[in-house]
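Coordinate analysis (summary)
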Protein chains: 2
Amino acid sequence: MATVKERKYRKAVQTLLSQYATFGAGMGDIERQLIFDTQHDHYQMVNVGWQDQQRIYGCAMHLDIKDGKIWIQHNGTEIELDDELTALGVPKNDIVVGFISPARRHLTEFATN
Amino acid sequence: MATVKERKYRKAVQTLLSQYATFGAGMGDIERQLIFDTQHDHYQMVNVGWQDQQRIYGCAMHLDIKDGKIWIQHNGTEIELDDELTALGVPKNDIVVGFISPARRHLTEFATN
């Protein structure tokens, strides 16, 4: 059973990804896929398609919710996802910058795990 | 409302990804995430973690179900996903190798779209 906090975080993550999926679309024949696994709490935005004869494939953003915290697993954009999440009301101690090494994560202003 | 075929293809795709998520695990501190978005029919296996101080992140397999066909969007492994799908009972004309250019896709023995 999801807690109020979990429901809030799921909504924040889905809002954030949905918002950026609409930006900069229309370059070549590229689909911006929103991939929301609400059962395992994995959330992504993935670019899939073609630009001329060139394959475009890659995850732009990947967020997980784990043990009541939001993990930023991957960010291929210039958007500061941690700041965006705090702006959506998520406290810094519930955000983990997962792509920064565990040994250096205490140097961020966010949670370490 | 999902058709019998759609339910069968969802099961095939999830079986395939789940099977390979258990292979070769245990290298460093790497999580093999199964990401199943059953609403939008996007299915992935993604490697997330660390090997020594090195970040490991990447989609290993990505399959979509679209208009009653299974699209192989990405395959970062040596496994022949098309053959695996046919072995699971999916006919070749319901498989699209999405990472092959639309202009060359007719050269495969699978569907073009």
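Described in the following lines is the structure provided in the data block. (Residues numbered from 1 in each chain as written. Chains lettered and ligands numbered in written order. Predicted model: local features only at pLDDT ≥ 70, side-chain atom pairs only at ≥ 80, totals over all residues. Heavy atoms only, no water.)

A short note on the relation of the copies chain A and chain B
Let me state the cut-off plainly: For this overlay, a least-squares fit was computed on C-alpha atoms, restricted to residues scoring pLDDT of at least 70 in both copies. Contact between two residues is taken to exist if any of their heavy atoms lie within 4.5 Å; hydrogens are not considered.
Relative to chain B, chain A is turned by 180 degrees and slid 0.0 Å along the rotation axis, the superposed coordinates differing by an RMSD of 0.0 Å. Overall, the copies show the geometry of a two-fold rotation axis. Judged by C-alpha distance, Asp37(A) is the residue of chain A that lies nearest the rotation axis, at 2.3 Å. Both copies present the same face, since 100% of the interface residues in chain A are matched by interface residues at the equivalent positions in chain B.

So, unusual backbone geometry
Residue and element names in this part refer to chain A. Heads up, the condition is: The way it works is that DSSP assigns letters per residue, a run of H or I at least four long becomes a helix, a run of E at least two long becomes a strand, and they are numbered from the N terminus. Using a 1.4 Å probe on the protein chains alone, a residue whose accessible area is under 20% of its type maximum counts as buried, one over 50% counts as exposed, and one in between counts as partly exposed.
The backbone of Asp41 shows a phi angle near 60 degrees, a positive value even though the residue is not glycine. Tracing the backbone shows Asp41 in the loop between β1 (29-37) and β2 (42-51). Given the relative accessible area of 8%, Asp41 is considered buried.

Let's talk about the pattern of salt bridges
Residues and elements named next belong to chain A. As a reminder of what qualifies: The term salt bridge refers to a pairing of a side-chain nitrogen on Lys or Arg with a carboxyl oxygen on Asp or Glu at a separation within 4 Å.
For the structure shown, the criterion picks out six salt bridges over all chains. Between Glu109 and Lys92 there is a salt bridge, and its shortest N-O distance comes to 2.6 Å. Linking Glu109 in the segment after β5 (95-97) with Lys92 in the loop between α2 (81-87) and β5, this pair joins segments that are 17 residues apart in sequence. The class for Glu109 is exposed, based on a relative accessible area of 52%.

Regarding the interface of chain A and chain B
Operational definition: When two components associate, each loses some accessible surface as probed by a 1.4 Å sphere; the sum of these losses over both components is called the buried area. Whenever a nitrogen or oxygen atom comes within 3.5 Å of another N or O atom, the pair is scored as a polar contact, on the condition that within protein one atom can donate a hydrogen and the other can accept it, and that pairs from neighbouring residues in sequence are kept only if both atoms are in side chains.
Between chain A and chain B, the residue contacts involve 28 residues of the former and 28 residues of the latter. Both faces combined, the contact of chain A with chain B buries some 2000 Å², and carbon together with sulfur accounts for 51% of it. For chain A, the biggest contributors to the area lost against chain B are Ile35(A), Trp50(A) and Tyr57(A); these three give 26% of the whole. Along the contact surface separating chain A from chain B lie zero salt bridges. Across the contact surface, chain A and chain B share 18 residue pairs in polar contact (both at pLDDT 80 or more).

Some points on the packing of aromatic side chains
How we decide: In this scheme Phe, Tyr and Trp rings, the latter by its six-membered ring, pair at centre separations within 6.5 Å, and the angle between planes marks the pair as stacked below 30 degrees, edge-to-face above 60, and tilted otherwise. Remark: a charge is flagged as sitting over a ring if the NZ atom of Lys or the CZ atom of Arg is within 6 Å of the ring centre and within 35 degrees of the ring normal.
Taken as a whole, this structure holds two aromatic pairs over all chains when the rule is applied. Taking NZ or CZ as reference, Lys66(B) lies 3.9 Å from the ring centre of Trp71(B), over its face.

Digging into the sheet that holds strand β4 (residues 69-75) of chain A
Residues and elements named next belong to chain A. Operational definition: Here, strands pair whenever DSSP counts at least two bridges between them. To define axes, lines are fitted to C-alpha atoms, for helices over the stretch in contact only, and angles between the resulting N-to-C directions are given on a 0 to 180 degree scale.
If you trace the five strands from one edge of the open sheet to the other, you get β1-β2-β3-β4-β5, paired in mixed fashion. The open sheet terminates on both sides in strands that have one partner only, identified here as β1 and β5. Averaged over all adjacent pairs, the angle separating strand axes in this sheet is 15 degrees, with direction ignored. Of the pairings in the sheet, the one linking β4 to β5 comprises three bridges and is parallel in character. Paired with Ile70 across the two strands is Ile95, which belongs to β5.

Focus on the side chain of Asp37(B)
For clarity, the cut-off: By the counting rule applied here, Lys and Arg register as positive and Asp and Glu as negative, while His and the ends of each chain are not counted.
Within the secondary structure, Asp37(B) sits in strand β1 (residues 29-37). Buried charge Asp37(B) goes without a salt bridge, the closest partner of opposite sign being Arg10(B) at 8.7 Å. There is a polar contact of 2.8 Å between the side chain of Asp37(B) and the backbone nitrogen of Phe36(A). Not counting the four nearest positions on each side in its chain, Asp37(B) is found in contact with Leu34(A), Ile35(A), Phe36(A), His42(B) and Tyr43(B).

As for the sheet that holds strand β4 (residues 69-75) of chain B
All names here are of chain B. Read from one edge to the other, the open sheet built from five strands follows the order β1-β2-β3-β4-β5, with strand pairing classed as mixed. Strands at the two margins of the open sheet, each flanked by one partner only, are β1 and β5 (95-97). Taken over all neighbouring pairs, the strand axes of this sheet differ in orientation by 15 degrees on average, direction set aside. Note that β1 and strand β2 (residues 42-51) share nine bridges and pair antiparallel. Pairing of Asp37 across the sheet is with His42, part of β2.

Thoughts on the environment of Leu107(B)
Within the element layout of this structure, Leu107(B) appears in the segment after β5. A C-alpha to C-alpha distance of 18 Å links Leu107(B) and His74(B), two positions 33 residues apart in sequence.

By themselves, these figures tell us nothing about what the structure is for.
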